[in-house]
Each structure stands twice: as C-alpha cells, then as structure tokens.
Amino acid sequence: QVQVVESGGGLVRPGGSMRLTCTASGSRSGIYAMGWYRQAPGSQREFLAHITASDNTMYEDSVKGRFTISRQDDKDTVALQMDSLKPEDTAVYYCFANPRDTGVGSAWGQGIQVTVSA
C-alpha cells in the first residue's frame, strides 16, 4: 500500500509563513497527482490544492495567492508553502496521493496540525 507522510506543521504567528512537505512511497507505478486538504474543528474537509506530474496546479479560491504547491526534485514529494497565515487557517492538514497503479484509489496521510495564533 502507498504510504503518505506529512511534515512541517506546528505553531506560527498570524502573518507568518510555514512550509509543509509530503512524501508518498510504495506505489508500484508511481504517482500522477498529489495535493492537500484541511479540516478545521467542526468543519468539513476542504480542498486546498493539488499538482500533477506535469506541474499543472489547482487551488481553492480562499488560499489562492497565499499558498503555493510545488513538486520537489523527487516527483513523489510536494511542498505547500503557506504565507500570510491567518488564525482561520488553523486546521489539520492532510496530504493525498493518487497512484498510477491500476485499481488503486487515493492514499492519505494521517494529518498534521497547523495552528496560527499570537
């Protein structure tokens, strides 16, 4: 099975920045897309961004211009650069990976806490 691991979360002040990373491993035929969702307490899971192997990106409007998703040298590793953070960005951030393996659905990380507070 595909393993997805997030890192880089923690506490940051409003207006600050934080970079999350995500690495997927264990796919037999590679990964064709990766991205991020988040879930705040009492809220539904919210799509944030995704990126394909060809570097096509898509962002949710609320984070467009503040968050940037990018592929790293390893195509199965992505970064989410978060700038101008606001308290409402506080949530558990989940990374997903879509394997190329036939019949295999999305794999998810366990989530990483991001807290924006003074």
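Residues numbered from 1 in each chain as written. Predicted model: local features only at pLDDT ≥ 70, side-chain atom pairs only at ≥ 80, totals over all residues. Heavy atoms only, no water.

## Re the side chain of Thr 52
Convention followed: In this description a helix means any DSSP run of H or I spanning at least four residues, a strand means any run of E spanning at least two, and both kinds are numbered starting from the N terminus. Accessible area is worked out with a 1.4 Å probe on protein chains only. A residue is then buried under 20% of its type maximum, exposed over 50%, and partly exposed in between. By the criterion applied in these results, polar contacts are pairs of N or O atoms within 3.5 Å in which, for protein atoms, one can donate a hydrogen and the other can accept it, and in which residues neighboring in sequence qualify only through two side-chain atoms. Here, two residues are considered to be in contact whenever any of their heavy atoms come within 4.5 Å of each other.
On the secondary structure map, Thr 52 appears in strand S5 (residues 46–52). The class for Thr 52 is buried, based on a relative accessible area of 17%. One polar contact links Thr 52 to Ser 54, side chain to side chain, over a distance of 3.0 Å. The residues touching Thr 52, leaving out its near neighbours within four places in the chain, are Tyr 32, Ala 33 and Arg 71.

## Brief notes about the pairing of strand S1 (residues 3–7)
Remember that side chains alternate between the two faces of the sheet whenever the strand is regular. What counts, and what does not: In this analysis, strands are considered paired if DSSP registers two or more bridges between them.
Burial along S1 is one-sided: Val 4 and Glu 6 are buried, while Gln 3, Val 5 and Ser 7, pointing the other way, are not. In this structure, S1 lies alongside strand S3 (residues 18–25), joined through five bridges in antiparallel fashion. Each bridged residue has a counterpart across the sheet, and for Val 5 the counterpart in S3 is Thr 23.

## Let's talk about empty space enclosed by the protein
Inclusion rule: A cavity, in this analysis, means grid points on a 1 Å lattice covering only the protein atoms where a 1.4 Å probe fits yet has no way out; a pocket is instead an open set bounded by protein on both sides within 12 Å along at least five of seven lines, and a residue lines either one if it has an atom within 4 Å of a point. Grid points are joined across faces, edges and corners, and a volume is the space filled by probe spheres set on the points.
A complete count under the given rule lists one cavity of 30 Å³ or more for this structure. Taken as a whole, the largest cavity holds about 30 Å³ of empty space. Lining the largest cavity are Ile 31, Tyr 32, Ala 33, Met 34, Ile 51, Thr 52, Ala 53, Arg 71, Lys 75 and Val 78. For the lining of the largest cavity, the secondary structure elements donating two or more residues are strand S4 (31–39) and S5. The greatest single-element share of the lining of the largest cavity, amounting to four residues, is contributed by S4.

## Digging into the nonpolar core
Our working rule: Only buried Ala, Val, Leu, Ile, Met, Phe, Trp, Tyr and Cys residues count toward a nonpolar core, and they belong to the same one when joined by side-chain atoms within 4.5 Å.
Counting 29 residues, the largest nonpolar core has Leu 20, Trp 36, Leu 80, Met 82 and Tyr 93 as its most contacted members. Of all elements in the fold, only S3, S4, S5, strand S7 (67–71), strand S8 (77–82), strand S9 (91–99) and strand S11 (112–116) reach the threshold of two or more residues within this core. Other than its neighbours up to four places away in sequence, Tyr 93 contacts Glu 6, Leu 20, Trp 36, Tyr 37, Arg 38, Leu 48, Phe 67, Leu 80, Met 82, Gly 111, Ile 112 and Val 114.

## Some thoughts on the pairing of S8
Of all six residues making up S8, six are buried, and the element is well covered by its neighbours. Burial of S8 is two-sided: the residues Thr 77, Ala 79 and Gln 81 facing one way and the residues Val 78, Leu 80 and Met 82 facing the other way are all buried. As judged from the six bridges shared by S3 and S8, these two strands associate in the antiparallel manner. Within S8, the residue paired with Leu 20 across the bridge is Leu 80. In the sheet, S7 pairs with S8 via five bridges, with the strands oriented antiparallel.

## Overview of unusual backbone geometry
A negative phi holds for most residues other than glycine; trans holds for most peptide bonds. The phi dihedral of Asp 55 is positive, around 70°, even though this residue is not glycine. As for its placement among the helices and strands, Asp 55 is situated in the loop between S5 and strand S6 (57–59). Owing to a relative accessible area of 45%, Asp 55 belongs among the partly exposed residues under this scheme. A positive phi angle, near 50°, is found at Ser 84, a position not held by glycine. With respect to the helices and strands, the residue Ser 84 is situated in the loop between S8 and S9. Look at Ser 84 and you get partly exposed, because its relative accessible area is 42%.

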